[in-house]
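Listed below, chain by chain, are the residues.
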Amino acid sequence: MCPLSPPDFQDELIRRRLEKLSKLRDEGVNPYPYRFCRTHLSRQIREDFQRLESSGQQVAIAGRVMSIRQHGKAGFAHLQDPAGRIQIYVRQDTLGEAFAIFKLLDIGDFLGVVGKVFRTKTDEITVAASQIELLCKAIRQLPIVKEKDEEGKKTIYDQFSGKEQRYRQRYIDLIVNPEVKELFQCRFRIISTIRRLLDEQGFLEVETPVLQSTYGGAYARPFRTNHHALDISLYLKISPELYLKRLVIGGMEKVYEISKNFRNEGIDRTHYPEFTMLEVYQAYADYNDMMELTEEIFERTACEICGRTQIQYQGGEIDLSRPWRRLRMVDALKQYADIDVETMSDEQLLSLLRARHLEVKGEPARGLIINALFEGLVEEKLIQPTFIIGHPRETTPLCKSDRENPIYIERFEPFVAGCEFGNAYSELNDPLLQRELLEQQAQSRQIDDEIPPVDNDFLRAIEYGMPPTGGLGLGIDRLVMLLTNQTSIRDVILFPQMRPES
RNA sequence: GCGCCCAUAGCUCAACUGGUAGAGCAACGGACUCUUAAUCCGUAGGUUCCGGGUUCGAUUCCCUGUGGGCGCACCA
């Protein structure tokens, strides 16, 4: 791997480039000029080729040099700009002295080119350079990836594929692997689509603290830090939930936050310690409204990225169009695991749990056992979009009881492709019950270190009255994985966490 | 935390059962004014991840470490 240290001037490849750099300076070329006036992107030239060619108009393009083919007193190169690649053609007799720049050019340099467009003998749209300007000399060598197009079949040679280096030096990955750039463009289009949708519906985007003196809204081990001036310990937010509810209490009736949540846990294909979460709260709404919103978000983002709501994921088709199936957790257990938990005693459930090598932390309450069975035996089988509803009361203290049957709550989790994508409630707003449930839960903190402490200010806030509210959390990284057909969360995160180099 | 796998030139990869490394691309010199994995001729490039061990001899076998990947566990 390219060394992390400052450029080693003894290194042959770097030394050669430094030599070229000083040659350029000797010839009066500034290798790091200030600006360049670009008139066209490569795509615009391709789209508007007929007109540009017949009018003989000059275009000015700029980009990174990705290939060079020297031909003595002429040459070709490809420039890569944000819209793709385009070939340039240079001739010594046209460029005169500036041809020296071309001769000293390396792959990875930035170049500005002015010229007319034409088609080569082999039919490639090309800019015939009348002027070239070096815009940046690179002193490290990029990995060279070559492609061959043969009857529509694209063969890639020497693809830059080592995961470690791609993650550590994502900038290289973005330069040489065009599909990686496209993937991240998708990521940010998904996020902006969600913003647009919520903004259209009158939601206000807000920000809540990352540094919190107490943490809550989820079960997770937090990251700890400290603030010098205040001389206090702080925690990085594990969830924005309790703050967003304070805003609803404060009269901000429709709010959302696209938030990094920090959970001090392991990394695997679907978990990442600083993941991105959308949380939405809407006053006077319940979890049914949140289900509709969820469906809408999936539909809109799928259409934005895939053009339709039927998407391909890992070889299977997933139909994200609404309405999604709603399935009670106990029915899901019946259907997918052939377990009828409603007819079983606590003891039977517990022995079943053990027989399947599943676990519940701390006191194995009936509802938690049912939840663990569901997670262990059913989740991965929920391929087509499904709202799992009817969670047991014990699974969370922040949710209203089911209006029909109080041993369950008005919660849902959306599942797609065997993976949980979020969590939503008819939010609990009974201040006395809220206090009771949070205090009761906090008593188990000794047994389960992921249970958060009681947030007394949150309880106080609830006591001032929170309207009926629907709340929704959606994992953005997982949504991006789904819509871009990725199986590892690190592939949808620009700079995944790694142990430091050397 | 546990298990399996991987680490060789700037990149992608070779090297049979142990005999101190080889190719393509990139780089460098030369030729070439429509090439496109440009081509042709030539050149150079390596602490084989670090450290130990076995051996006459280790890229290869063993151990420790480092980094990474995958799976399991954890992640309501």
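Residues numbered from 1 in each chain as written. Chains lettered and ligands numbered in written order. Predicted model: local features only at pLDDT ≥ 70, side-chain atom pairs only at ≥ 80, totals over all residues. Heavy atoms only, no water.

Student: Help me understand the sheet that holds strand β11 (residues 232-236) in this model?
Tutor: As a general point, the strands of a sheet are linked pairwise by backbone hydrogen bonds and lie either parallel or antiparallel. Strand order in the open sheet formed by 3 strands is β9-β11-β10, with antiparallel pairing between adjacent strands. One side of each edge strand has no neighbouring strand; the edge strands of this open sheet are β9 (211-212) and β10 (224-227). Relative to β11, β9 runs antiparallel, the two being bridged by 2 bridges. From the neighbouring strand, L211 faces β11, where its bridge partner is L236. (Pairing = 2+ DSSP bridges. Helix = DSSP H or I, 4+ residues; strand = E, 2+ residues; numbered from the N terminus.)

Student: Would you explain the nonpolar core in this entry?
Tutor: Across soluble globular proteins, nonpolar side chains have a tendency to be buried as a group. Residues L278 and L320 are the most contacted members of the largest nonpolar core, which totals 47 residues. Here this core takes 9 residues from helix α8 (residues 178-200), the largest share from any one element. Those residues in contact with L278, other than ones at most four positions away along the chain, are I194, L198, Y256, E257, I258, I297, L472, G473, L474 and I476. Of all hydrophobic cores here, the second largest spans 27 residues; its members include F49, V65, I86 and F99. (Core = buried A, V, L, I, M, F, W, Y, C linked by side-chain atoms within 4.5 Å. Buried < 20%, exposed > 50% of the residue type's maximum accessible area, 1.4 Å probe, protein only. Contact = heavy atoms within 4.5 Å.)

Student: Before we go on, may I ask you to explain the pairing of strand β12 (residues 254-262) in this structure?
Tutor: Residues in a regular strand point their side chains to alternate faces of the sheet. Of all 9 residues in β12, 7 are buried, a share of seventy percent or more. Inspection of the sheet shows strand β8 (residues 204-205) paired to β12 by 2 bridges, in the parallel sense. By the bridge assignment for β12, E205 is matched with Y256. Summarising the sheet, β12 and strand β13 (residues 274-283) pair through 9 bridges and their orientation is antiparallel. The residue of β13 that forms the bridge with E257 is E279.

Student: What is the right way to look at the side chain of T294 in this model?
Tutor: Position of T294 relative to the elements: it lies in helix α10 (residues 287-306). Once you skip the residues sitting within four places of it in the chain, T294 turns out to touch W324, F387, F412, P414, L472 and L474.

Student: Would you take a moment to explain the state of the cysteines for this structure?
Tutor: Disulfide: a covalent bond connecting the sulfur atoms of a pair of cysteines. All chains considered together, the criterion is met by 0 disulfides. C306 takes part in no disulfide bond, and the closest cysteine sulfur to it belongs to C186, at a distance of 7.7 Å. Here C306 falls in the partly exposed class, since its relative accessible area comes to 32%. (Disulfide = S-S within 2.5 Å.)

Student: Explain the protein's contact with RNA strand B here, please?
Tutor: As a matter of local geometry, RNA strand B sits amid 57 residues, with T122, Q141, K146, E164 and H271 nearest to it. The contact atoms of RNA strand B, taken as those within 4 Å of the protein, divide so that sugar and phosphate hold 58%. The separation between a base nitrogen of RNA strand B and a polar side-chain atom of E124 is 2.5 Å. Contacts to RNA strand B include D268, whose side-chain N or O atom sits 2.7 Å from a base nitrogen. For the surface near RNA strand B, the secondary-structure elements that each account for two or more residues are α1 (12-26), β1 (58-70), β2 (74-81), β3 (84-91), β6 (146-150), α6 (163-168), α13 (366-377) and β20 (422-426). (Near = heavy atom within 4 Å. Polar contact = N/O pair within 3.5 Å; in protein donor to acceptor, adjacent residues only side chain to side chain.)

Student: Just to check I follow, could you spell out the confidence of the model for chain A for this structure?
Tutor: Note that predicted coordinates carrying low pLDDT should not be read in detail. For chain A, per-residue confidence averages 94 on the pLDDT scale, and 100% of positions sit at 70 or higher. This prediction of the complex comes with two scores: 0.95 for pTM and 0.92 for ipTM. (pLDDT = per-residue confidence, 0-100.)

Student: Before we go on, may I ask you to explain the environment of L21 in this structure?
Tutor: Assignment of secondary structure puts L21 in helix α1. Remark: the alpha-carbon pair of L21 and Q335, spanning 314 residues in sequence, is separated by 69 Å. In this view, L21 contacts P31, Y32 and K137; residues no more than four positions away in its chain are not counted.

Student: I tried to follow the sheet that holds β3 on my own but got confused; where do I start?
Tutor: Strand order in this closed barrel of 5 strands is β1-β2-β3-β5-β4, and the pairing throughout is mixed. Each strand of the sheet is rotated relative to its neighbour by a mean of 55°, with strand direction disregarded. Relative to β3, β2 runs antiparallel, the two sharing 8 bridges. Residue pairing in the sheet places G75 in a bridge with V90 of β3. (Axes fitted to C-alpha atoms, helices over the stretch in contact; angles between N-to-C directions.)

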